[in-house]
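Each chain is listed here by its residues.
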Amino acid sequence: MKNFWRFIFRRSLPAASLCHMDFAVLGLGDSSYARFNFVAKKLYRRLLQLGGSALLPVCLGDDQHELGPDATIDPWLHNLWEKVLGPQPVPLDPPGVPWPSKFTLQFLQEAPRTCSEELRVARTDPQGPPSELQPVLAPMVTNRRVTGPSHFQDVRLIEFDVAGSGLSFAAGDVVLIQPENAASHIRQFCQVLGLEPDQHFTLQPQEPDVPCPKQLPQPCSVRCLVSQYLDITSVPRRSFFELLACLSPHEREREKLLEFSSAQGHEELHSYCTRPRRTILEVLCDFPHTAGAIPPDYLLDLIPPIRPRAFSVASSQLAHPSRLQILVAVVQYQTCLKEPRRGLCSSWLASLDPGQGPVRVPLWVQPGGLTFPQMPDIPVIMVGPGTGVAPFRAAIQERVARGQTENILFFGCRRRDQDFYWEAEWKELEKQGCLTLVTAFSREQEQKVYVQHRLRELGPLVWELLDRQGAHFYLAGNAKYMPADVSDALMSIIQEEGGLSGPDAAAYLARLQRTLRFQMETWA
Ligand code: 2AM
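First, a word on what this report is: a plain description of the structure on this page. As the structure is a prediction and not an experimental result, all values here were calculated from the model. Position numbers for residues start from 1 in each chain and track the written sequence from start to end. A pLDDT threshold of at least 70 governs which residues receive local features in this predicted model, and a stricter bar of 80 or more applies before side-chain atom pairs are shown or counted, although totals over entire chains, interfaces and linings include all residues. With hydrogens and water set aside, each side-chain value is computed from the structure's full complement of heavy atoms.

## Observations concerning the site of the ligand
If a single non-hydrogen atom of a residue is within 4 Å of a molecule or strand, that residue counts as near it. Around the ligand, the structure places 14 residues, and the nearest of them are Arg 414, Ser 442, Arg 443, Tyr 450 and Asp 485. For the ligand, an oxygen atom lies 3.0 Å from a polar atom in the side chain of Lys 448. Asp 485 is positioned with one of its side-chain polar atoms (N or O) 3.0 Å from a nitrogen atom of the ligand. Per-residue and other accessible areas were derived by the Shrake-Rupley procedure at a 1.4 Å probe size, with only the shown protein chains allowed to occlude residues. In isolation the ligand offers 480 Å² of accessible surface; the protein chains occlude 83% of this area. Strands are runs of DSSP state E lasting at least 2 residues, helices are runs of H or I lasting at least 4, and numbering of each runs from the N terminus. Among the secondary structure elements, those contributing two or more residues to the shell around the ligand are strand E17 (407–413) and helix H18 (482–498). Under this grouping Gly is polar, as are all residues other than the nonpolar Ala, Val, Leu, Ile, Met, Phe, Trp, Tyr, Cys and Pro and the charged Asp, Glu, Lys and Arg. Residue composition of the shell around the ligand, by class: six nonpolar, four polar and four charged. Two N or O atoms form a polar contact when they lie within 3.5 Å of each other; inside protein one atom must be a possible hydrogen donor and the other a possible acceptor, and for residues adjacent in sequence the pair counts only when both atoms belong to side chains.

## Examining the packing of aromatic side chains
When two rings of Phe, Tyr or Trp (its six-membered ring) have centres within 6.5 Å they constitute a pair, described as stacked for plane angles under 30 degrees, edge-to-face for angles over 60, and tilted for the intermediate range. Taken as a whole and assessed by the stated rule, the structure comprises 16 aromatic pairs. Taken together, a centroid distance of 4.6 Å and an interplanar angle of 45° make the contact between Trp 5 and Phe 9 tilted. Any residue under 20% of the maximum accessible area for its type is buried, any over 50% is exposed, and the rest in between are partly exposed; the area is computed with a 1.4 Å probe on protein chains only. Residue classification places Phe 9 among the partly exposed positions, given a relative accessible area of 24%. Centre to centre, the rings of Phe 372 and Phe 392 are 6.5 Å apart; their planes meet at 90°, and the pair counts as edge-to-face. Here Phe 392 lies in helix H14 (residues 390–401) and Phe 372 lies in the loop between strand E15 (360–366) and strand E16 (380–383), a separation of 20 residues in the sequence. One exposure class covers both Phe 372 and Phe 392, and it is buried. Chaining the aromatic ring pairs together yields one cluster made of Phe 240, Phe 241, Phe 260 and Tyr 272.

Given below as structure tokens:
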């Protein structure tokens, strides 16, 4: 994609390069992000500019659409096929016939001498820098709740021992963690599918160009496959229902599954599954005759792999070489279903107790979206309410260790006695003259006070630092409206303090972004 992007945006491409090309652009995006479907929109415009003919207007798939992204994508795809296939439609596969599985599972009569857990440990002993295929199995040394008992959310400070692991990380990096399914879910899944957790199998691809997933040891136990690979608590997509319908021997269940997977059943599927965030495991329990008849060969076609989750690194390797800390908000919410919905990775991490014996977590690091200036005299303004403060904790530790003392942190939380992370540490750094801390406690008074209110109050200082001293401005966090609100506050500071008109202030902000002096890392 990078190569394609660079190529297609070359200035030297002649204006009519694509005048014989038909094209269509489908974007997959999320409108809660500021630059919603930026790539699709920009690509669409560029292809038109180069003389291409659009078969259809650009499709902006939106994860925030109340009926899910398919609501926009399905009709668009329907129109696309009509255009592409024209008067001679290619016959589609008849409904109800399963396509061949990607892999075959050959069960072994006896368990192998080396169990899959041992194989996994051997595989995860990294030769080069740790990566997705060779994660570090890092010992967890701390797992402590850092929010008060009356706070609505369980937030954990989690610490790993990374001495001698080969991991190297800087402020702004993220750590990727590969979670596992809960033991009770593994048991339930094996039960409803009639699988024996201790049985071992080898995996063979059906097609030579489809490699076996490298994360899986060979031979592998069913328990290992289910606990570490199959994302059984994710919300299934429509293709899951489609394939399940093909595999179902039970007439009534099959009919229902076919209905869910048809274009007409879209809304029903949405209210059964997507809106209440029903999981694959729950759906399988609702269709027990079908679940019990799933050929194991189809498990990897039906169920997506568990994806690693990214967390901002919250400690500096420069200051604490053998430790890596993260701040984890344990995701839990209620839908119309009785059981609360739980985030896989955060719940799994929270459930691990290093006090009960050794706990090791597969992880590796990657650059995140934030980079901090190396030059000594550049001030840094950081706005990080809630867990958004995590990357700034790493940055402040790192900068203080390097003697960079111009650090301004805007931190917001509900109440100082409930969710004020690292209060004592900030106070100490203030005493040492290495930090200016500005707080916004949103629920300690009648009116909400947020970081952007504090930012506006300190407009003259912010402007002075930005415009006169070349400060870098950072923003991180997960509140839905926070990033836009803070950006607005910054805009009005530039207008009011800098005396710039609206368009000039926007250009000023855009320049800050282009030169990486305004960076943000936000998550939904
Ligand atoms: P609230 O929950 O009281 O609304 C960390 O989550 C802090 O960010 C909390 O104090 C939260 O306040 C606050 N917050 C919520 N929405 C925000 C927004 N749009 N801008 C800035 N802070 C926000």
